[in-house]
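# Descriptive structure summary
Below, each chain spelled out in residue letters.
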Amino acid sequence: MSRFIVVSNRLPVTITQVEDQFRFEPSVGGLATALSSVVTNESALWLGWPGLPEEDFSGQKEEVKASLLELRCFPVCLSQEELETFYYGFSNRTLWPLFHYFLQYTIFDHRFWEGYRSVNEKYAEAILSIADEEAIIWIHDYQLLLLPGLLREVLPRATIGFFLHIPFPSYEVFRVLPWRREILEGLLGADLIGFHTFDYARHFLSSVRRLLGYEHELGLIVTGTRAVKVEVFPISIDYRKFSEAPADQEVRDRIEKIRKELGDRRIVLSVDRLDYTKGIPQRLLAFEAFLERYPEFREKVILILVGVPSRTEVEHYQELKSEVDELIGRINGRFGTLGWTPIWYLSRVLHFKELAALYYLADVAMVTPLRDGMNLIAKEYVATVPEEKGTLILSEMAGAAAELSEAILVNPFSLEDLVGALKEALSLPRDERLVRNRRMKERLRRYDIHRWAKEFVQALGEVKKTQENFVSFLLTGSERQKVISAFKRSENPIFFLDYDGTLVSFVGRPEKAFPDPELKDLLRGLSKVARVVLISGRDQETLSNWFGDLPISLVAEHGVFIWEDGKWFVTGDFTEDWKETVRPVLELYTDRTPGSFIEEKRYSLVWHYRLAESELGDMRAHELKEALLDLVHPLGLMVLEGNKVLEVKPREINKGEAARYFLERGTYDFILAMGDDWTDEYLFEALPSDSFTVKIGYGLTKARYRLENVKGARQFLEEMIKAKS
Ligand SMILES: O=P(O)(O)OC[C@H]1O[C@H](O[C@H]2O[C@H](CO)[C@@H](O)[C@H](O)[C@H]2O)[C@H](O)[C@@H](O)[C@@H]1O
Ligand SMILES: O=c1ccn([C@@H]2O[C@H](COP(=O)(O)OP(=O)(O)O)[C@@H](O)[C@H]2O)c(=O)[nH]1
């Protein structure tokens, strides 16, 4: 069994076939390049696709597998058909364009989706063959969005991290995906989800909230069953490897050779996979416009354009290739002279040393994608180029722009911006270049790829610890029997039961959550075997209308009123004059938040926002709470935060105080309390330590136990009745 497993669609090595020999070469692409320096540990294994359809090596599968295992790579072999639907289909004709805001290129095809799901399942099976609950599994990128959820079903305790290398689009774009919920649920199988930038994380959190209804606090999402952390980790590079490359003899020789060929011409460098997200045609058009507008630079500048063929079976990539070829031909034909070709075009993969030589030589690197998750070329260039020499032109739409703010930042859709940036970059004084590069180099040196990986893995461990605070025991198995046996032995038991969210589920309007006949029977049954106190935030009238016919006690408004022997009495000397001061503030927020409304109780005012648009509701609730804090304190009031409600009420009223009223007037040898939200935490906290306290649902709690939902709570209470009969 392996301890640390990295999973990505592409292994960091790709198989290529030369005659009947297989060669294993490093894969190109940011992810493969970045992570290859992370999986170095003996017990680590990298699982992924080796880059060729399995039909191409079917006769030698075992041999290939063995060679890959020696490199600590565990292959997931994919057939041509699987690649069609999973890789060229859903991954690169649906998710890739959609997540990069190319809606016009996005195809929604059910066949692609089926293929995507089944290949994700195939990955899950492969992982399960080498991992158990103790494993740390780090999954990468958009090809495997369902994998965390699939693994979680089988390994509920495993440590699973997920990192997305491409942008997560705004909710308005993501919402068009027909399988948007499945995708989010798949991701939420992870313990930690990482993004390159704060904006991507923000977009993800917003989609989770709007589509699945899960809130978050400082990036911690609490679903019905788990806590998942969302964090920002901008990927970096192996800084040392790049900064030290120019000292390597082979790199020096290459530099020398190119320099000789170019003389003192200035170099503008452009390196990308040939991908429509990279803004290559726009860059070429800008270079053309630059030569046109500034003739003094003709013959003095060369654009070296490296375009690495990529995803060549997808039509938009083929179209891009033709477009780039044509543009280069046109520009070279238009401006070229016998001694000067304006654009040198390399349409192949360059190896590290070739690339390093170009980075070293380039006066300007033009990194102007229309959208890019991060873009490592920008970082590699800054790390390699001498500090007094290079200038980086960087697109605002690349994740890297969030860190490399000393670059000349451009909007890649603006020809004017691009042309102006080229002119500025080629004219920047030496000192200015030095200052800018030093700052960027220092940042990359400190936060390199090792730090990135280390911080992610560390954060993964911390999430696991945070989760422990959430997990009061699920009330199952022997623990459940223990509680039931204690109840069976008791002679004078008491149950404190919350109503909404505990005995009935939430609905849009509170008055609609009335008790069903089964619940009434359940409470009647319970009242025969224990003293039952229904302890709620609801008003007196509702509670006595609904439950007045049962032999149970009722607590209304969190403890203001108690119903015993068929009548209500008030538990303290409360006033309501404060309402005139507080009500206008609540009204102001109600007017500003469609869907919200005020509920007036005898001694409290409640602002409900369950029906408001979720993000707006949360934002307004936050603002309202702030606005109320200063106001309520001198009035002896407090603001209580419940489930999509804010309640203003006298400070001394809470469910804990209400429970004390009963405990001081009787001797009980078994105390059970059940509740689902913050108002019930006062109850859990106030009870003696040997009480049996149960939180319904998942969340931070003082309760000893947890039950998953209303259904589970009712089932448990049924068992309690049976135990005594
Ligand atoms: O595997 P391919 O389909 O050939 O594509 C190559 C890789 O492209 C993408 O790279 C992304 O990750 C980089 C590192 O985090 C980031 O700098 C860049 O902005 C992203 O586009 C893709 O995400 C990888 O999965 C591919 O392997
Ligand atoms: O000829 C090339 C072109 C690119 N790369 C590597 O490919 C990666 C490209 O990563 P980036 O994040 O810029 O974009 P991606 O291709 O992942 O979208 C970088 O690490 C480059 O060093 C390479 O090895 N040879």
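Structural notes, computed from the coordinates. (Residues numbered from 1 in each chain as written. Chains lettered and ligands numbered in written order. Predicted model: local features only at pLDDT ≥ 70, side-chain atom pairs only at ≥ 80, totals over all residues.)

### Observations concerning the pairing of strand 22 (residues 561–564)
In this structure, strand 21 (residues 553–556) lies alongside strand 22, joined through 3 bridges in antiparallel fashion. Residue pairing across strands places Ala556 opposite Phe561, the latter belonging to strand 22. Connecting strand 21 to the next strand, strand 22, in antiparallel fashion are 4 residues, including Glu557 with a positive phi near 50°. Both strand 22 and strand 23 (residues 567–570) contribute to a ladder of 4 bridges, which runs antiparallel. The residue bridging Glu564 from the neighbouring strand is Lys567, located in strand 23. (Pairing = 2+ DSSP bridges. Helix = DSSP H or I, 4+ residues; strand = E, 2+ residues; numbered from the N terminus.)

### What to know about the sheet that holds strand 7 (residues 159–163)
What the 9 strands build is an open sheet, ordered 5-4-1-6-7-8-11-10-9; its pairing is mixed. What marks the edges here is a single partner per strand, and that holds for strand 5 (73–75) and strand 9 (216–217). The pairing of strand 7 with strand 8 (residues 192–195) spans 3 bridges and is classified as parallel. Bridge pairing links Phe163 to Gly194 in strand 8. The strands touched by helix 5 (residues 147–154) within the sheet are strand 1 (4–10), strand 6 (136–140) and strand 7, with strand 7 carrying the most contacts at an inclination of about 175°. (Contact = placed C-beta atoms within 7 Å. Axes fitted to C-alpha atoms, helices over the stretch in contact; angles between N-to-C directions.)

### Details of the nonpolar core
Across soluble globular proteins, you tend to see nonpolar side chains buried next to one another. Ala362, Ala365, Ala378, Leu392, Ile393 and Leu394 are the most contacted members of the largest nonpolar core, which totals 70 residues. Sort the elements by how many residues they give to this core and helix 13 (residues 352–361) lands first, with 7 residues. With residues near it in sequence (within four places) discarded, Ala362 still touches Ile267, Val268, Leu269, Tyr381, Val385 and Gly390. Ile136, Leu205, Val228 and Val230 belong to the second largest nonpolar core, which has 69 residues in total. (Core = buried A, V, L, I, M, F, W, Y, C linked by C-beta atoms within 7 Å. Buried ≥ 20, exposed ≤ 12 C-beta atoms within 10 Å, placed from the backbone.)

### Topic: the sheet that holds strand 26 (residues 637–641)
With antiparallel pairing, the 4 strands of this open sheet are ordered in space as 24-25-27-26. Strands with a single pairing partner mark the edges of an open sheet, and in this sheet they are strand 24 (597–600) and strand 26. The average undirected angle you get between the axes of adjacent strands in this sheet is 20°. Pairing geometry for strand 24 and strand 25 (residues 605–608), over 4 bridges, is antiparallel.

### Let's talk about unusual backbone geometry
We note that Glu299 has phi near 70°; this positive angle belongs to a residue other than glycine. Glu299 gets classed as partly exposed once you count the C-beta atoms within 10 Å, which come to 15. One non-glycine residue, Glu557, lies in positive phi territory at about 50°. The topology assignment puts Glu557 in the loop between strand 21 and strand 22. Judged by C-beta crowding, with 25 C-beta atoms within 10 Å, Glu557 ranks as buried.

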